[in-house]
Amino acid sequence: MTLDMLFSLYRAHRTPRKTLAVRKSDLRRIELWTRVLGGGKDPARISLREWEGFIDARGSGRIDARGRPVQEPQARRPVRPRMVEIDLKWLRAVCRWGASWRLDDGSWVLAENPVRGFPIPTERNPRRPVVTQARYEATRAVSDRVTMELRWRGRRERQRSYLSELLDIVNGTGRRITAVCSLRFGDVHLAEGRYGAIRWPADTDKMGWESTVPISPGVRAAIDRVLIERSGPAHVPLFPAPGDPARPMSRHLADKWLRKAEKLAGLEPLRGSLWHAYRRKWASERKHLPDVDVAAAGGWRDTVSLKRAYQRADPETLMRVVLGEG
């Protein structure tokens, strides 16, 4: 068994069960670990020395996210422990899978998980910024000024981007930007509930979980604006790519638009977050509501990650706690 063989089996049997975004991450990490350890490496012989060497090299920026060496010291971009942690946990998960998967002859892919018990760095003070209502309003005030160039059917046309609607939907649902960008017309159910509902498909959810959640008046207004400008059958993206109306727009384009709007609004970039800070805003604004319902509405599979990584303390609530007020 070699690392190439292990990754090939994992790609064939495990990766297809993941969402598109996570499948792409798998391919990047396969490339990373193949460069770091070598495709001919026997996984059972991965050593603690190699494991800790990766922690040092990736953390210092001596290798990039695909395992390529960065020779020039001034070109190195050190990464925080969280990024190193994710890559290490991925390899550990692959090895754990290998120790539980049988080949056609009945033998295990790996006799045991060779990296079990190896140390993984954790972020002691993770950066988890939260967007304020004032920041959202300032960004929203200029979002219509961010434009895009449509390149459909041989024509080029510049018009207002989708940023305003993306902001309103993310701010009003707490969903990940990738899930919002991937919505289709068939996912919008305006006849359900008081203001309508959105079906969040499993194939665009990071955790592979499907749910239908009612929407607020603000989200309904954003969807109504979309429907005034364009419509289509159920399979057509709500936010089509500017270069191909059959494909949903990318998260990276949404990132670019948001950065441009923040610059237009005169806002300093948030360190360590972009769209995810809106997800924390949504979760933190609902701390007073039942955790189970907040998790279900925002797309969390459990309340543990919701409370640990998304809901943030705020000065007003802290003071009420100190004073013992309800």
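Residues numbered from 1 in each chain as written. Predicted model: local features only at pLDDT ≥ 70, side-chain atom pairs only at ≥ 80, totals over all residues. Heavy atoms only, no water.

Looking now at the overall build of the protein chain. From N to C terminus, the protein chain includes 13 helices and 7 strands. Its C-alpha atoms give the protein chain principal-axis dimensions of roughly 65 × 60 × 45 Å. Residues counted as buried form 40% of the 326 residues belonging to the protein chain. Expressed as a percentage of contacts within the protein chain between residues at least 6 apart in sequence, the contacts between residues at least 24 apart total 62%. Total accessible area on the protein chain stands at roughly 17,900 Å², and carbon and sulfur atoms take up 52% of it. Across the protein chain, the centroid of the 63 positively charged side chains sits 2 Å from that of the 39 negatively charged ones. (Helix = DSSP H or I, 4+ residues; strand = E, 2+ residues; numbered from the N terminus. Buried < 20%, exposed > 50% of the residue type's maximum accessible area, 1.4 Å probe, protein only. Contact = heavy atoms within 4.5 Å. Areas by Shrake-Rupley, 256 points an atom, 1.4 Å probe, with all protein chains shown as cover. Lys, Arg positive; Asp, Glu negative; His and termini not counted. Charge placed at Lys NZ, Arg CZ, Asp CG, Glu CD.)

Axis separation between helix α6 (residues 163-173) and helix α9 (residues 251-264) bottoms out at 10 Å; the angle between their running directions is 95 degrees. By the angle between their directions, the pair α6 and α9 is classed as roughly perpendicular. Contact residues: α6 offers Leu163, Leu166 and Leu167, while α9 offers Ala254, Trp257, Leu258 and Ala261. Class assignment for the residues of the contact of α6 with α9 results in 7 nonpolar, no polar and no charged. (Axes fitted to C-alpha atoms, helices over the stretch in contact; angles between N-to-C directions. Parallel < 35°, antiparallel > 145°, perpendicular 65-115°, else oblique. Nonpolar A, V, L, I, M, F, W, Y, C, P; charged D, E, K, R; others polar.)

What follows concerns the environment of Val142. By the element assignment, Val142 lies in helix α5 (residues 133-142). Along the primary structure Val142 and Val213 are separated by 71 residues, whereas in three dimensions their C-alpha atoms are 29 Å apart.

One pass over the full model with this rule turns up 12 aromatic pairs. Where Trp51 meets Phe118, the ring centres are 5.4 Å apart and the plane angle is 70 degrees; that geometry is what we call edge-to-face. Of this pair, Trp51 sits in helix α3 (residues 48-60) while Phe118 sits in the loop between α4 (81-98) and α5, and the two are 67 residues apart along the sequence. Summarising the burial analysis for this pair, Trp51 and Phe118 share the class buried. Among the aromatic residues, those joined into a cluster by ring pairs are Phe7, Tyr10, Trp90, Trp97 and Trp101. Above the ring of Trp108, the side-chain terminus of Arg102 is found at 3.8 Å from the ring centroid. In this structure, Arg279 packs its charged tip against the face of Tyr310, placed 5.1 Å from the ring centre. (Phe/Tyr/Trp six-rings, centres within 6.5 Å; stacked < 30°, edge-to-face > 60°. Lys NZ or Arg CZ within 6 Å of the ring centre and 35° of its normal.)

A few words now on the sheet that holds strand β4 (residues 197-200). Pairing within the open sheet is antiparallel, and its 3 strands lie in the order β3-β4-β5. What marks the edges here is a single partner per strand, and that holds for β3 (188-189) and β5 (211-214). Pairing between β3 and β4: 2 bridges, direction antiparallel. Each bridged residue has a counterpart across the sheet, and for Val188 the counterpart in β4 is Ile198. (Pairing = 2+ DSSP bridges.)

Moving on to the pattern of salt bridges. Evaluated as defined, the whole model comprises 31 salt bridges. In this structure, Glu31 engages Arg35 in a salt bridge whose closest nitrogen and oxygen atoms are separated by 2.6 Å. Of this pair, Glu31 and Arg35 both sit in helix α2 (residues 20-37), separated by 4 residues, roughly a single helical turn. Salt-bridge contacts for Arg220 lead to Asp224; the nearest nitrogen and oxygen are separated by 3.0 Å. Highlighted residues: Arg220 and Asp224, both in helix α8 (residues 217-229), separated by 4 residues, approximately one helical turn. Given the relative accessible area of 25%, Arg220 is considered partly exposed. By relative accessible area, Asp224 is classed as partly exposed at 29%. Overlapping salt bridges bring together Arg140, Asp144, Arg160, Glu165, Asp168, Arg225, Glu229 and Arg230 as one network. (Salt bridge = Lys/Arg side-chain N within 4 Å of Asp/Glu carboxyl O.)

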